[in-house]
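Structural characterization, general
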Amino acid sequence: MTSPHIRAELIPWDDAPFVHEYERAREDAFLEGLTIYGPKAAARVEQLLRARGYPRAVVDVDRTVDEALEHAARWTVRRDGPA
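All chains use their own residue numbering, which begins from 1 and follows the written sequence. Local features in this predicted model are restricted to residues of pLDDT 70 or higher, and side-chain atom pairs are both shown and tallied only at a pLDDT of 80 or more, whereas totals for entire chains, interfaces and linings draw on every residue. Neither water nor hydrogens contribute to the side-chain values; these are computed over all heavy atoms in the structure.

Now for the sheet that holds strand β2 (residues 58-62). The criterion for strand pairing is that DSSP finds at least two bridges linking the strands in question. Secondary structure elements follow DSSP: runs of H or I of four or more residues count as helices, runs of E of two or more count as strands, with numbering from the N terminus. The sheet built from 3 strands is open, its strands ordered β1-β3-β2 with mixed pairing. Of all the strands in the sheet, just β1 (5-11) and β2 have a single pairing partner and so form its edges. When the angles between neighbouring strand axes are averaged without regard to direction, this sheet yields 20°. As paired elements, β2 and strand β3 (residues 72-78) share 5 bridges and run antiparallel to each other. Residue pairing for β3: Asp60 is matched across the bridge by Thr76. Any two residues whose heavy atoms approach within 4.5 Å are treated as being in contact. Helix axes are fitted only over the stretch in contact, all axes being lines through C-alpha atoms; the angle between N-to-C directions runs from 0 to 180 degrees. Against the sheet, helix α1 (residues 16-31) makes contact with β1 and β3, and its axis sits at roughly 155° relative to β1, the strand it touches most. On top of the sheet, helix α2 (residues 39-51) reaches β2 and β3; it is set at about 165° to β2, its chief contact.

In structure tokens, the structure reads:
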């Protein structure tokens, strides 16, 4: 088994405060004991981002079967709501 991981695409990627808050929220979700590549962690990160000044933030999770078997996921994290 490989170590769990996520690949996140942040939109916009060049908003340093948003990126910082995402990183904090992701770490907080992990420290709360959530499986970081799972949908509950993504929902928690979304909740934390909204509480920290990004009320329209959304986190979409996409996983292939192979990614699920490898304990991995792809997240799209949008600051300004759905595309």
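That shown, we press on.
For salt bridges, the criterion is a side-chain nitrogen of Lys or Arg within 4 Å of an Asp or Glu carboxyl oxygen. Applying the stated criterion to the full structure yields 9 salt bridges. One salt bridge connects Glu32 with Arg44, and the closest N-O pair in it is separated by 2.9 Å. Here the residue Glu32 occupies a position in the loop between α1 and α2, and Arg44 occupies one in helix α2, the gap between them amounting to 12 residues. Only protein chains enter the accessibility calculation, which uses a 1.4 Å probe; a residue is then buried when its area is under 20% of its type maximum, exposed when over 50%, and partly exposed in between. The exposure class assigned to Glu32 is partly exposed, which follows from its relative accessible area of 43%. Of the charged contacts in the structure, one is a salt bridge between Arg74 and Asp62, with a shortest N-O distance of 2.9 Å. Within this pair, whereas Arg74 is found in strand β3, its partner Asp62 is found in strand β2, the two being separated by 12 residues in sequence.

With that out of the way, let us pick up α1. Compared with an ideal rise of 1.5 Å per residue, which puts 16 residues at 22 Å, α1 spans 22 Å between its outermost C-alpha atoms and is within 8% of the ideal. Phe18, Glu21, Tyr22, Ala25 and Ala29 are the residues of α1 that are buried. Buried residues of α1 fall within an arc of 105° about the axis and therefore sit on the same side. For α1, the exposed residues set more than 90 degrees away from the buried face come down to Ala16 and Leu31. In this structure, the buried residues of α1 make contact with β1, α2 and β3. Here a helix's expected span is defined as the number of its residues, less one, multiplied by 1.5 Å. As used here, the arc is the angular range of directions from the helix axis to the C-beta atoms.

So, to be careful, I would describe these as geometric facts and stop short of saying anything about function.
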